[in-house]
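Tertiary structure, described
Below are the chains, spelled out letter by letter.
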Amino acid sequence: MIRLNIHHKTTYRFRQPVSLGPHRLMLRPRESRDLRVVSTNLAVTPAATVTWAHDVAGNAVATASFGVMTDVLVFDSVAEIHLDAAAWPVFDIAFSAIDYPFLYSNDEWTDLGALTAPQHADPSGRLASWARGFVRSHPTDTLSLLKDLSAGVSHAIAYQSRDDEGTQSPVETLDRAWGSCRDFAVLFAEAARSLGFGARIVSGYLYNPDQSLTGSAGAGSTHAWAEVYLPGAGWITFDPTNRSVGSANLIPVAVARDIRQAMPVAGSFIGGSDAFEGMWVDVSVTS
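Residues numbered from 1 in each chain as written. Predicted model: local features only at pLDDT ≥ 70, side-chain atom pairs only at ≥ 80, totals over all residues. Heavy atoms only, no water.

**Quick look at helix 5 (residues 181–194)**
For clarity, the cut-off: Strands here are runs of E lasting at least two residues and helices are runs of H or I lasting at least four, both read from the DSSP assignment and numbered beginning at the N terminus. Residue count minus one, scaled by 1.5 Å, sets the expected span of a helix. Throughout this description, buried means an accessible area under 20% of the type-specific maximum (1.4 Å probe, protein chains only), exposed means over 50%, and partly exposed covers the range between.
Taking 1.5 Å as the rise per residue, helix 5 with 14 residues should run 20 Å; its terminal C-alpha atoms sit 20 Å apart, in good agreement. Within helix 5, 13 of the 14 residues are buried, leaving the element largely enclosed by the surrounding structure.

**Some words on a nonpolar patch on the surface**
Spelled out, the test is: Note that patches include only residues with greater than 30% relative accessible area and no salt bridge, and the join distances are 9 Å for like charges and 5 Å for nonpolar side chains (Val, Leu, Ile, Met, Phe, Trp, Tyr). We get accessible surface area from the Shrake-Rupley algorithm with a probe of 1.4 Å; when it comes to residues, only the shown protein chains can shield them. Salt bridges are defined by distance alone: a side-chain nitrogen of Lys or Arg within 4 Å of a carboxyl oxygen of Asp or Glu.
A cluster of nonpolar side chains, contributed by F269, F276, M279 and V281, occupies part of the molecular surface with about 310 Å² of accessible area. As for its position among the elements, F276 is in strand 18 (residues 276–286). When its relative accessible area of 36% is taken as the criterion, F276 is described as partly exposed.

**Regarding the sheet that holds strand 11 (residues 198–207)**
Adjacent strands of a sheet form backbone hydrogen bonds with each other and so pair up, either parallel or antiparallel. Inclusion rule: Two strands make a pair as long as DSSP finds a minimum of two bridges between them. When checking whether two residues touch, look at their non-hydrogen atoms; a contact exists if any pair is within 4.5 Å. Between N-to-C directions, angles cover 0 to 180 degrees, with each direction set by a line fitted to C-alpha atoms, over the stretch in contact for helices.
Across the sheet, which stays open at both edges, the five strands sit in the order 14-13-12-11-15 with antiparallel pairing between neighbours. Each edge of the open sheet carries a strand with a single partner, namely strand 14 (244–245) and strand 15 (250–256). On top of the sheet, helix 3 (residues 142–156) reaches strand 12 (220–230), strand 13 (234–239) and strand 14; it is set at about 30° to strand 13, its chief contact. Relative to strand 12, helix 5 is tilted by about 5°, and along the sheet it contacts strand 11, strand 12 and strand 13.

**Brief notes about the packing of helix 3 against helix 5**
The test is simple: Take the far helix as your reference; a near helix turned counterclockwise from it by less than a right angle gives a left-handed crossing, and one turned clockwise gives a right-handed crossing. Throughout, the ten residues Ala, Val, Leu, Ile, Met, Phe, Trp, Tyr, Cys and Pro are labelled nonpolar, Asp, Glu, Lys and Arg are labelled charged, and all others, Gly among them, are labelled polar.
For the pair helix 3 and helix 5, interaxial distance at closest approach is 10 Å and the crossing angle is 140°. Between helix 3 and helix 5 the crossing geometry is right-handed. Along its contact with helix 3, which presents L146, L149, S150, V153 and S154, the element helix 5 presents F184, L187, F188, A191 and A192. For the contact of helix 3 with helix 5, a count of residues per class yields eight nonpolar, two polar and no charged.

**Focus on the pattern of salt bridges**
Here the structure, examined in full by the defined rule, presents nine salt bridges. Across the pair R200 and E227 runs a salt bridge, and its minimum N-O distance is 2.7 Å. Of this pair, R200 sits in strand 11 while E227 sits in strand 12, and the two are 27 residues apart along the sequence. E227 gets classed as buried once you look at its relative accessible area, which sits at 10%.

In structure tokens form, the structure reads like this:
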């Protein structure tokens, strides 16, 4: 078990005072068997009324509402956690799902719902064809197939950090052969869905103390990966950016059907067309 401190600060600056709409914040780590939140603190400038709720996926969501105009907006989040994720996890996959293809139970299929449906268009079937290329035989080992698919993403796609908002579609990522961690996660999840798996996107933080992992310029950063549901084992973590399986070094904040639903900060402002000056994000994850 390791004790980690996560500091995530987002700063917006404007050339003149603007009116702020409500801002939706997803910054609190998501507790699980492997992760326990010790403490959290969220400071907002200018002063805001902050309310908390859980969304449909069980993520902790804060909404900050403002009553004054401002030329600077700062969200400063600090969280202390205990992380106890195995480096080499063993997954107790149900016998019915050890070999692919398999069928989810009726209840599983109903509950997974939209998590089994592709979220991006694939009119020519290119993504589906690419994903089927990892199916070595019928039947084939399910976990090996998913590991090969995850490794195949990082083999086919070169990592490139992007500061701009948004995510490439899976077909765009295949065409360009480069992408950020969120592009890797979306490509993997969509490819898994095309093979009939239930998959979801995860956003959070990467703990990278020796800077040996891809996706972090220092000891820690924001990060994105994916999870696939397998009967018996439940949700299994795949980080295609680092070709890893399991939650070691990963700190989830939000799970979602689409990565747009897991943005750390989302909101609006009313002001002149040239009012926005810039945004700065600083993240550290330290032991």
